[in-house]
Amino acid sequence: MLPEIPFMEEELYLAMRLGFPEAEARQLATAMATLSPGAIGWGFTEDTLMLISLASPELEKKVADFRARWGRIYDEATWDAKRAEMKQALIDAGKLPPDA
């Protein structure tokens, strides 16, 4: 059985705004939120999940739960290192506050 999409469109939009221009972020969020599990193109890459996890503490927990239930590509050490790198890049770009 395929997982339900655990993220609401507005949560996805919040995350996509970190990495994409406003209009593109909205389009991506809408597309991700409306895909049916099993549809071609359905799913979340680890990098997309990282971006979502950086949008808020609540989304970080949702991503952790999703990854625990449906599997991971990166081991935890790799996930943590790549997530820290992405977080720093977003801080450097002014997309996240320094204390995020």
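Look up: the structure comes first, before these words.
A brief report on the enclosed structure follows.

1. Things to note about the environment of M86
Inference 1: Here M86 shows up in helix α5 (residues 76–92).
Inference 2: A residue is classified by how much of its surface remains accessible, and M86, at 22% relative accessible area, is partly exposed.
Inference 3: Counting along the chain gives 36 residues from M86 to M50, while the straight-line C-alpha distance between them is 7.8 Å.
Inference 4: In contact with M86, not counting residues within four places along its chain, are D47, M50, L51 and L54.

2. Focus on the nonpolar core
Inference 1: Counting 24 residues, the largest nonpolar core has F7, L12, M16, L18, F44, L49 and I52 as the members making the most contacts within it.
Inference 2: Elements supplying a minimum of two residues to this core: α1 (9–19), α2 (22–34), α3 (46–53), α4 (57–70) and α5.
Inference 3: Among the elements that line this core, the one with the most residues is α1, at five residues.
Inference 4: If near-sequence neighbours (up to four positions away) are discounted, L18 is found in contact with L51, L54, A55, L90, K95 and L96.

3. A look at the environment of E9
Inference 1: Turning to its location among the elements, E9 is positioned in helix α1.
Inference 2: If we skip the residues at most four places from it in the chain, E9 touches R26, A29, T30 and A33.
Inference 3: A polar atom in the side chain of E9 sits 2.6 Å from the side chain of T30.

Definitions and limits used
Each chain has its residues counted from 1, running along the sequence as written. For this predicted model, a pLDDT threshold of at least 70 governs which residues receive local features, and a threshold of 80 or more governs which side-chain atom pairs are given and counted, while totals over whole chains, interfaces and linings are taken from all residues. Only hydrogens and water are removed before side-chain values are computed, so all heavy atoms of the structure are retained for them. Helix and strand labels come from DSSP, where a helix needs a run of H or I of at least four residues and a strand needs a run of E of at least two; each type is numbered from the N terminus. The buried label applies to any residue whose accessible area, calculated with a 1.4 Å probe on protein chains only, is under 20% of its type's maximum; exposed applies above 50%, and partly exposed to all values in between. The contact definition used throughout considers only heavy atoms, calling two residues in contact when any of these lie within 4.5 Å. Put simply, buried Ala, Val, Leu, Ile, Met, Phe, Trp, Tyr and Cys residues joined by side-chain atoms within 4.5 Å make one nonpolar core. Side-chain atoms alone can form a polar contact between residues adjacent in sequence; in general such a contact is a pair of N or O atoms within 3.5 Å, and within protein one must be able to donate a hydrogen while the other accepts it.

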